[in-house]
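# Architecture at a glance
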Amino acid sequence: MPSVLIVGADAARYFELLQARQLPSAQLSCLPDASTPSSDCGEVEVILGPPDAVAALLPHCPDVRWAQSSWAGVTPLVESGRQNYQLTGLKGVFGEVMSEYVLGWLLAFERNILERARSMVWDNKSDPGLAGKTLGVMGTGSIGQAVATAVQAFGVSVRGLNSSGKAVAPFEACYATDDALEFAQGLDFLLALLPDLPATTGLVNAQLLNALRPGAIFINAGRANCVDDDAVISALEDRRLRAAVLDVVHTEPLPANDRLWQVENLYITSHTAAPTPDAAVIEVFADNYHRYIAGEPLQHVIDFARGY
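Residues numbered from 1 in each chain as written. Predicted model: local features only at pLDDT ≥ 70, side-chain atom pairs only at ≥ 80, totals over all residues. Heavy atoms only, no water.

## Re helix α6 (residues 142-152)
Taken together, the buried positions of α6 are occupied by Gly144, Val147, Ala148, Ala150 and Val151. Along α6, the residues classed as buried sweep out an arc of 165° about the axis, all on the same side. Residues of α6 that are buried sit in contact with α4 (95-110), β6 (134-138), β7 (157-162) and β9 (189-192). (Buried < 20%, exposed > 50% of the residue type's maximum accessible area, 1.4 Å probe, protein only. Helix = DSSP H or I, 4+ residues; strand = E, 2+ residues; numbered from the N terminus. Arc of directions from axis to C-beta. Contact = heavy atoms within 4.5 Å.)

## Re the pairing of strand β10 (residues 216-220)
When you tally the buried positions in β10, you get five out of five residues, the bulk of the element. In this fold, the crossover linking β9 to β10 by way of helix α8 (residues 206-211) has right-handed handedness. Bridge count for β10 against strand β11 (residues 241-246) is five bridges, and the pairing is parallel. Within β11, the position partnered with Phe218 by the bridge is Ala244. What joins β10 to β11 is helix α9 (residues 229-237), and the crossover it makes is right-handed. (Right-handed = clockwise from strand over helix to strand, strands pointing away. Pairing = 2+ DSSP bridges.)

## So, the environment of Val64
With respect to the helices and strands, the residue Val64 is situated in the loop between α2 (51-57) and β4 (66-69). Here the alpha-carbon distance between Val64 and Glu43, two residues 21 residues apart in the chain, equals 8.1 Å.

## Things to note about the sheet that holds β11
Taken in spatial order, the seven strands make up an open sheet running β8-β7-β6-β9-β10-β11-β12, and their pairing is parallel. Here the strands that pair on one side only, and so sit at the sheet edges, are β8 (173-176) and β12 (266-268). The mean inter-strand angle of the sheet, taken between neighbouring strand axes irrespective of direction, is 15°. Set on the sheet, α4 makes contact with β9, β10, β11 and β12; between it and β11 the angle comes to about 155°. Taken strand by strand, α9 contacts β10, β11 and β12, and its axis lies near 145° from that of β11. (Axes fitted to C-alpha atoms, helices over the stretch in contact; angles between N-to-C directions.)

## Focus on the side chain of Thr269
Its place among the elements puts Thr269 in the loop between β12 and α10 (278-293). Its relative accessible area of 13% is what places Thr269 among the buried residues. Beyond its immediate sequence surroundings of up to four residues, Thr269 is in contact with Tyr101, Trp105, Val245, Leu246 and Asp247.

## Some remarks on α4
Taking 1.5 Å as the rise per residue, α4 with 16 residues should run 22 Å; its terminal C-alpha atoms sit 22 Å apart, in good agreement. Every buried residue of α4 is listed here: Gly95, Met98, Ser99, Tyr101, Val102, Leu103, Trp105, Leu106, Ala108, Phe109 and Glu110. Its buried side turned inward, α4 meets α5 (113-118), α6, β9, β10, β11 and β12. (Expected span 1.5 Å × (residues − 1).)

## Some remarks on the side chain of Asp229
Within the fold, Asp229 resides in helix α9. For the buried residue Asp229, which engages in no salt bridge, the nearest side chain bearing the opposite charge is Arg259, 5.4 Å off. Ignoring anything within four residues of it in the chain, the contact list for Asp229 reads His250, Arg259 and Leu260. (Lys, Arg positive; Asp, Glu negative; His and termini not counted. Salt bridge = Lys/Arg side-chain N within 4 Å of Asp/Glu carboxyl O.)

## Observations regarding the pairing of β4
Residues Trp66 and Gln68 point to one face of β4 and Ala67 and Ser69 to the other, with burial holding for every one of them. With four bridges joining them, strand β3 (residues 46-49) and β4 adopt parallel strand pairing. Across the sheet, residue Leu48 finds its bridge partner in β4, namely Gln68. Since β3 and β4 lie parallel, the crossover through α2 that links them has a hand, and here it is right-handed. Across three bridges, β4 lies against strand β5 (residues 86-88) in parallel orientation.

None of the figures reported here should be taken as evidence of function without further support.
This is the structure in structure tokens:
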């Protein structure tokens, strides 16, 4: 009977949901505070929780054979140094909510929705809309694919950027990271959905932003390490960027006195772009649990060397 430990702030809620699923042969327990491990941790075989909490607990759980992250990102576990277990990520569940977030912002900008809502003057000139524009998506995984499909329905062309340049549907063209400037050339919109890896650090820099079409819009809903904040601020001040939206920043929560709050046409959305649905976490974990006890390959296994 595998000993399954659910850890983190959502542990009690996940515990109740998994109890209702009646997982076969599972001995469930929960630990909301990973900083206070119990004496039973030494017997834990399976852990479910956010990667920072799981990483804090790993030194107390020598017999762990599988850990399921309840977040999309797994950086704390990749950087923990321990790799003698299977780590699985939360994938295939954020595409819809991320598509809503991205489309909401693009439509708000291109249809001037907020300006018109606040206007006290009659102005019946038409807005440009999305059709005929080009979006570049940095990151062509399942989330990027979902966003690409959603915006294509509005007549937007979509390019993708990934580590190898390998073609991925539904992107009309894909570029390797080494060809980032060619990828960015003339884009109307740039969306970053990249993981936190050494290879992605600083990719959104002054050169890349200068390659965009003048008046472009930049959105980062991946990880903050890819963005040079100074370059984004400079591009906004020079009007090379019309607007920028940062869902993630280098320090979270962002201090009230941080200069980013004061930059004109820079919008900060406090890491709310793609909230994790509880039901999806449980569904992914339950599916993998059945695979685990049956000795079958797990879904969404993380390659420690690649970091995703």
